[in-house]
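For reference, the chains in residue letters:
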Amino acid sequence: MCVFRCISGLITLATIAIIGVVVWRLLGRPESVDEAISAGSDLLGQAADVLQDFDWSEFDFSDMWGNEEHFSGGDNETLVWDLGANSRNGLILTLKNNLDDTWQEEYNTAVANWMDS
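Small disclaimer: the values here were computed from a predicted structure and weren't measured.

A. Structural view of the overall build of the protein. The helix and strand tally for the protein stands at 3 helices and 0 strands. Each helix and strand of the protein, placed in order from N terminus to C terminus, yields the pattern α-α-α.

B. Molecular detail of a nonpolar patch on the surface. Taken together, the side chains of Leu-51, Phe-54, Trp-56 and Phe-59 present a nonpolar region at the surface, about 420 Å² in accessible area. Among the structural elements, Leu-51 can be located in helix H2 (residues 33–53).

C. Spotlight on the state of the cysteines. Tallied over the full model, the rule gives 0 disulfides. This cysteine, Cys-2, is not joined by any disulfide, and Cys-6 carries the nearest cysteine sulfur, 3.8 Å off. The exposure class assigned to Cys-2 is exposed, which follows from its relative accessible area of 54%. On the accessibility criterion, Cys-6 (43% relative accessible area) is partly exposed.

D. Examining helix H1 (residues 2–26) more closely. For H1, built from 25 residues, the straight-helix expectation of 36 Å at 1.5 Å per residue is met to within 8% by its first-to-last C-alpha distance of 36 Å. For H1, the tally of buried residues reaches only 0 of 25 residues, placing the bulk of the element at the surface. Directly after H1, the chain includes Gly-28, whose backbone phi takes a positive value near 90 degrees.

E. Structural detail: unusual backbone geometry. Despite not being glycine, Arg-29 has its phi angle at roughly 55 degrees, a positive value. Inspection of the secondary structure assignment puts Arg-29 in the loop between H1 and H2. Under the relative-accessibility criterion, Arg-29 is labelled partly exposed at 43%.

F. Main features of the confidence of the model for the protein. Confidence in the prediction of the protein, expressed as mean pLDDT, is 79, and 72% of residues score 70 or more. Ranking the elements of the protein by mean pLDDT puts H2 last with 87 and H1 first with 91.

G. Seen up close, the environment of Thr-102. Looking at the element boundaries, Thr-102 is found in the loop between H2 and helix H3 (104–116). Among the polar contacts listed, one links the side chain of Thr-102 to the side chain of Asp-100, at a separation of 2.6 Å.

Cut-off values and rules
- Residues numbered from 1 in each chain as written.
- Predicted model: local features only at pLDDT ≥ 70, side-chain atom pairs only at ≥ 80, totals over all residues.
- Heavy atoms only, no water.
- Helix = DSSP H or I, 4+ residues; strand = E, 2+ residues; numbered from the N terminus.
- Patch = residues over 30% accessible without salt bridge, like charges linked within 9 Å, V, L, I, M, F, W, Y side chains within 5 Å.
- Areas by Shrake-Rupley, 256 points an atom, 1.4 Å probe, with all protein chains shown as cover.
- Salt bridge = Lys/Arg side-chain N within 4 Å of Asp/Glu carboxyl O.
- Disulfide = S-S within 2.5 Å.
- Buried < 20%, exposed > 50% of the residue type's maximum accessible area, 1.4 Å probe, protein only.
- Expected span 1.5 Å × (residues − 1).
- pLDDT = per-residue confidence, 0-100.
- Polar contact = N/O pair within 3.5 Å; in protein donor to acceptor, adjacent residues only side chain to side chain.

Structural data, given as structure tokens:
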């Protein structure tokens, strides 16, 4: 377990180092923190100018989700959860066990975990 955490930590550090080098190069290889802040500010200003001048009307997002019938208040009986007579009881869920004998222990463990949560 420790080996995996060490490897994960090393990969994380390597990723942070690579991102740092890329940002440093993107900022023009500043030699001081003040230069880096100035370059970052300039870069963000340029990005803001580009986004401000961008013509968003070219994009049509109206059909992004395809058929929006399911959002329009139509028949949504498959989206409704049965909360029971008293909604404070939470979701009423009926589990049907169609597993063969080799999976009964796992099923019972999963149901017990669900009931404990």
